[in-house]
Amino acid sequence: LTMDFGAVEPGGVRSISTATLSNTGGGVLSVNAITADAPALSDFLRTGTCTPGTGIAAGQSCTLQFRFAPSTTGGRAGVIEIATNVGTQQLMLTGVGAGGAAGSSTVVEYYNSVLDHYFITASPIEIATLDAGTFRGWVRTGYTFQTYLASHPGTSPVCRYYIPPAQGDSHFFSVIVAECQSIPRLFPTFELEGSSVMYMFVPDTHTGACPSGSIPVYRVWNQRPDTNHRYTIDIALRDRMLARGYVAEGFGPDAVGMCAPQ
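This section reports on the structure supplied with the text. This is a predicted model, so every value here is computed, not measured.

1. So, the pairing of strand β16 (residues 229–232)
Both faces of the sheet carry side chains from a regular strand, because those side chains alternate between them. Taking every second residue as pointing to the same face, both faces of β16 are buried, with His229 and Tyr231 on one and Arg230 and Thr232 on the other. Sheet analysis places strand β15 (residues 214–221) next to β16, joined by 4 bridges and oriented antiparallel. By the bridge assignment for β16, Trp221 is matched with His229.

Printed below as a string of C-alpha cells:
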C-alpha cells in the first residue's frame, strides 16, 4: 500500500490519510513494533490507534494516520513496517516538498503484461522506483500527459484509491470531488492513498468540454473482475481500447474524465 501526498510547500501540511490494520484471523493480532526505514520520514507525522503493544481482537482493526509536513523542498519516500505476531506489513509513504509556485509535471503511464493492467503516476519518487524495476513487470508505454503536483488556479485535486487484490490489485483516479467522496460508501474495501495526488481541471459535466488551456483525458474501464482503468489524452488510443471491450467513463459525448494542462 502506498500513500502519495503529492506536493506541499515547506511549512505546509497535507490533510490526514489513514491506513487500516485489520485482524481477519481468529486470535488476537499483536502490534509488536512500528518502524521507519528513512530519516526523511520525519516529515510524515503519525497518529492513530495502532501503537506498539496494541492487541487487536478478531474482527477488529486499528488505524495508522499520517500528515505530510515537509521541512524543505525535494522528494520524500520511505517505508513504514508494522511488525505483528503473524508477520510484517509495509506501508510506503511518498511526497514532495514543492519550491514556490509549481509548474506542470508529467504523468507517466506504465503497463504490466502479466496482469494486463495500466498504471499512471506523476510522483517523481514512484517514477524513479518503477523505472528502476523495483516493482517487476512494469514498463513505460510511452504515453504521457501533463498535470500539476500542487494547487493551480482553476484546478481541482485528484484522489487516488488502491483497489485490493480480490477486486483488481489496481488504482482508481478521479478529479470529481463527489465521486471521490462516494468511493468509501460504494466500495468500502478500496483504500484511499491520497486525496490530492495531482491537480487537474474539471470538464463540463454536461458537454465534456475542457476549460481553455486544457485538453481532455479519457478514462476507460476493462469491465473485468480484476478491475483496471486506463487514462489517456489520445482519442485514437481510447477508441482502440473500446474496440478491445473497455467502456468509456466520463462526461459528454466523448466521455471526458478530467482535463490536463495543455
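2. Focus on the pattern of salt bridges
Tallied over the full model, the rule gives 11 salt bridges. The residue Arg244 makes a salt bridge to Asp116 at a minimum N-O spacing of 3.5 Å. Placement of the pair is Arg244 in the loop between α3 (235–243) and β17 (247–249) and Asp116 in the loop between β9 (104–112) and β10 (117–121), with a sequence separation of 128 residues. The exposure class of Arg244 is partly exposed, given its relative accessible area of 45%. For Arg160, the salt bridge identified is with Glu126, shortest N-O distance 2.8 Å. Here Glu126 lies in helix α1 (residues 124–131) and Arg160 lies in strand β12 (residues 156–163), a separation of 34 residues in the sequence.

3. Points about unusual backbone geometry
You will see that Asp116, though not glycine, has its phi angle at about 55 degrees, which is positive. In this model, Ala255 sits at a positive phi of 55 degrees, which is unusual for a non-glycine residue. Within the fold, Ala255 resides in the loop between β17 and β18 (256–261).

4. Examining the sheet that holds strand β5 (residues 55–56)
With mixed pairing, the 5 strands of this open sheet are ordered in space as β1-β8-β7-β3-β5. In the strand order of this sheet, the two ends are held by β1 (2–8) and β5, each with one partner. Pairing of strand β7 (residues 74–84) with strand β8 (residues 87–97) involves 11 bridges; the strand directions are antiparallel. Each bridged residue has a counterpart across the sheet, and for Glu81 the counterpart in β8 is Gln90. The sheet contacts of α1 involve β1, β7 and β8, and relative to β8 the element is tilted by about 125 degrees.

5. Quick notes on the packing of aromatic side chains
Aromatic ring pairs are described here by two measures, namely the spacing of the ring centres and the angle between the planes. For the coordinates displayed, the defined rule picks out 8 aromatic pairs. Measuring from centroid to centroid gives 5.6 Å for Phe5 and Phe44, while their planes differ by 55 degrees, and the two rings are tilted. Remark: Phe44 occurs in strand β4 (residues 44–47) and Phe5 occurs in strand β1; sequence separation between them is 39 residues. The class of Phe5 is buried, set by a relative accessible area of 2%. A ring pair is formed by Phe187 and Phe190, whose centres lie 4.8 Å apart and whose planes are at 15 degrees; its orientation type is stacked. Its relative accessible area of 36% is what places Phe187 among the partly exposed residues. Taken together, the aromatic side chains of Phe5, Phe44 and Phe68 make up a single cluster linked through ring pairs. The ring centre of Tyr218 lies 4.9 Å from the NZ or CZ of Arg238, which sits over that ring.

What counts and what doesn't
- Residues numbered from 1 in each chain as written.
- Predicted model: local features only at pLDDT ≥ 70, side-chain atom pairs only at ≥ 80, totals over all residues.
- Heavy atoms only, no water.
- Buried < 20%, exposed > 50% of the residue type's maximum accessible area, 1.4 Å probe, protein only.
- Helix = DSSP H or I, 4+ residues; strand = E, 2+ residues; numbered from the N terminus.
- Pairing = 2+ DSSP bridges.
- Salt bridge = Lys/Arg side-chain N within 4 Å of Asp/Glu carboxyl O.
- Contact = heavy atoms within 4.5 Å.
- Axes fitted to C-alpha atoms, helices over the stretch in contact; angles between N-to-C directions.
- Phe/Tyr/Trp six-rings, centres within 6.5 Å; stacked < 30°, edge-to-face > 60°.
- Lys NZ or Arg CZ within 6 Å of the ring centre and 35° of its normal.

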